[in-house]
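Architecture at a glance
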Amino acid sequence: MSNTPIQEIAINLLINTEITKADIESKFLETGFGIRLIEKERTRFDRREKFCENGLSWVLENQELGWGAKGFDEFCNKHRWDISTDSTMACFRSNFVEFIYFDIAY
């Protein structure tokens, strides 16, 4: 099943732009695009593979997410977000030791 246009917008926004924690707290995605992120879990570990056990796959697959550290660009992936290919779940690496998982509602 293919994604709807709003789901494609969600993938593009989270993967190809610099959405910040402040954007989430200000409800920027919800008011501007109708994309609501509902916090599901916070953890110290990247557990995206845990959700793959339930048939979920991720746009960035096995790539390590960056944590926004200045001066480490050559070591860190620029992407701090990943989103499931079906656009139902997102993962945000807020800092070196915190991953926040969200369910996505449209």
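Residues numbered from 1 in each chain as written. Predicted model: local features only at pLDDT ≥ 70, side-chain atom pairs only at ≥ 80, totals over all residues. Heavy atoms only, no water.

Quick word on the environment of E61
Definition in use: Counting from the N terminus, the helices are the DSSP runs of H or I reaching at least four residues and the strands are the DSSP runs of E reaching at least two. For each residue, the accessible area found with a 1.4 Å probe, counting protein chains only, is set against the maximum for its type, and the residue is called buried under 20%, exposed over 50%, and partly exposed in between. Residue contacts are defined here by distance: any two heavy atoms, one from each residue, within 4.5 Å place the two residues in contact.
For E61, the location among the structural elements is in the loop between α4 (48-52) and β2 (81-83). Relative accessible area serves as the criterion here: at 55%, E61 is assigned to the exposed category. With 21 residues separating them along the chain, E61 and D82 place their C-alpha atoms 8.3 Å apart. Sequence-distant contacts of E61, that is, excluding residues within four places in its chain, are made with R48 and D82.

Some thoughts on the sheet that holds strand β3 (residues 89-95)
How we decide: Strands qualify as paired when DSSP identifies two bridges or more between them. Angles shown run from 0 to 180 degrees and are taken between the N-to-C directions of axes, each axis being a line fitted to C-alpha atoms and, for helices, limited to the stretch in contact.
Read from one edge to the other, the open sheet built from 4 strands follows the order β1-β4-β3-β2, with strand pairing classed as antiparallel. A single partner strand is all that each edge strand has here, and the edge strands are β1 (36-43) and β2. For this sheet, the mean angle separating the axes of adjacent strands, direction not counted, is 25°. Summarising the sheet, β1 and strand β4 (residues 98-105) pair through 7 bridges and their orientation is antiparallel. Within β4, the residue paired with R36 across the bridge is A105. Strands β2 and β3 of the sheet are contacted by helix α1 (residues 5-16), whose axis makes an angle of about 155° with β2.

Some remarks on a nonpolar patch on the surface
Using the following cut-off: Like-charged residues within 9 Å of one another, or nonpolar side chains (Val, Leu, Ile, Met, Phe, Trp, Tyr) within 5 Å, are grouped into patches, provided each residue has over 30% relative accessible area and no salt bridge. For accessible areas, the Shrake-Rupley method is used with a probe of radius 1.4 Å. Any residue's cover is judged against the shown protein chains and nothing else. We define a salt bridge as a contact between a side-chain nitrogen of Lys or Arg and a carboxyl oxygen of Asp or Glu at a distance within 4 Å.
A surface patch of nonpolar side chains, about 230 Å² in accessible area, is lined by I9, F28 and F33. Mapping F33 onto the fold places it in helix α3 (residues 28-33).

What about the packing of aromatic side chains?
Quick reminder of the rule: Stacked, tilted and edge-to-face pairs are distinguished by plane angle, under 30 degrees for stacked and over 60 for edge-to-face with tilted covering the rest, among Phe, Tyr and Trp rings (Trp via its six-membered ring) whose centres lie within 6.5 Å.
One pass over the structure, following the stated rule, counts 5 aromatic pairs. Taken together, a centroid distance of 4.9 Å and an interplanar angle of 80° make the contact between W67 and F96 edge-to-face. One end of the pair, W67, is in the loop between α4 and β2; the other, F96, is in the loop between β3 and β4, with 29 residues separating them in the sequence. On the basis of relative accessible area, W67 is assigned to the partly exposed category, the value being 21%. Taken together through their ring pairs, the aromatic side chains of W81, F92 and F102 make up a single cluster.

A look at the side chain of N3
Spelled out, the test is: We call two N or O atoms a polar contact when they sit within 3.5 Å, provided that within protein one can donate a hydrogen and the other can accept it, with sequence-adjacent residues counted only if both atoms are side-chain atoms.
Secondary-structure assignment places N3 in the segment before α1. At a separation of 3.2 Å, a polar atom in the side chain of N3 contacts the side chain of E8. Of note is the side chain of N3, whose polar atom sits 3.0 Å from the backbone oxygen of T85. If sequence neighbours within four positions are ignored, N3 has contacts with E8, I11, T85, D86 and S87.

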